[in-house]
Amino acid sequence: MIASQDGLCAICMAAPAIHVDHCHETGRVRGVLCFNCHSAIGTLGDDPDRIRRAISYLEGTRGSHHS
Ligand SMILES: [Zn+2]
């Protein structure tokens, strides 16, 4: 798992992956993340829907600058 990510965090792909992230429901290993990204998804409740809204928010904010 760590080798397939080249030793880097699966989200930012910049920082060293130090935190093995498990699915809270199944206990399956989801990937290896850096400290910042692991705490970021934890802050968003490990909730894909919430994180998708965060993405829409960021992209919408960026898109609104052309007016
Ligand atoms: Zn990261």
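Residues numbered from 1 in each chain as written. Predicted model: local features only at pLDDT ≥ 70, side-chain atom pairs only at ≥ 80, totals over all residues. Heavy atoms only, no water.

Asks: Which residues make up the overall build of the chain, and what values do they have?
Replies: Looking only at helices and strands, the chain has 2 helices and 2 strands in total. When the helices and strands of the chain are read in sequence order from the N terminus, they spell out β-β-α-α. Looking at the chain as a whole, 16% of its 67 residues are labelled buried. Across the chain, the fraction of contacts at a sequence separation of at least 24, relative to all contacts at a separation of at least 6, is 20%. Counting every atom, the chain has about 5,100 Å² of accessible surface; 59% of that belongs to carbon and sulfur. (Helix = DSSP H or I, 4+ residues; strand = E, 2+ residues; numbered from the N terminus. Buried < 20%, exposed > 50% of the residue type's maximum accessible area, 1.4 Å probe, protein only. Contact = heavy atoms within 4.5 Å. Areas by Shrake-Rupley, 256 points an atom, 1.4 Å probe, with all protein chains shown as cover.)

Asks: Run through the coordination of the zinc ion, naming residues and quoting values.
Replies: Protein ligation of the zinc ion involves C9 (SG), C12 (SG), C34 (SG) and C37 (SG), the donor distances falling in the range 2.3 Å. Here the zinc ion is ringed by 4 donor atoms whose angles at the metal span 106 to 113°, and the overall shape comes out tetrahedral. Between consecutive donor residues of the zinc ion, the sequence gaps follow C-x2-C-x21-C-x2-C. Taken together, the residues span a long stretch of sequence, with C12 in the segment before β1 (19-22) and C34 in the loop between β2 (29-33) and α1 (35-43) at a distance of 22 residues. Using a relative accessible area of 35% as the deciding quantity, one classes C12 as partly exposed. (Donors = N, O, S within 2.8 Å, 3.2 Å for Na, K, Ca; no water. Tetrahedral: all angles 85-135°; square planar, octahedral: opposite > 155°, others 65-115°.)

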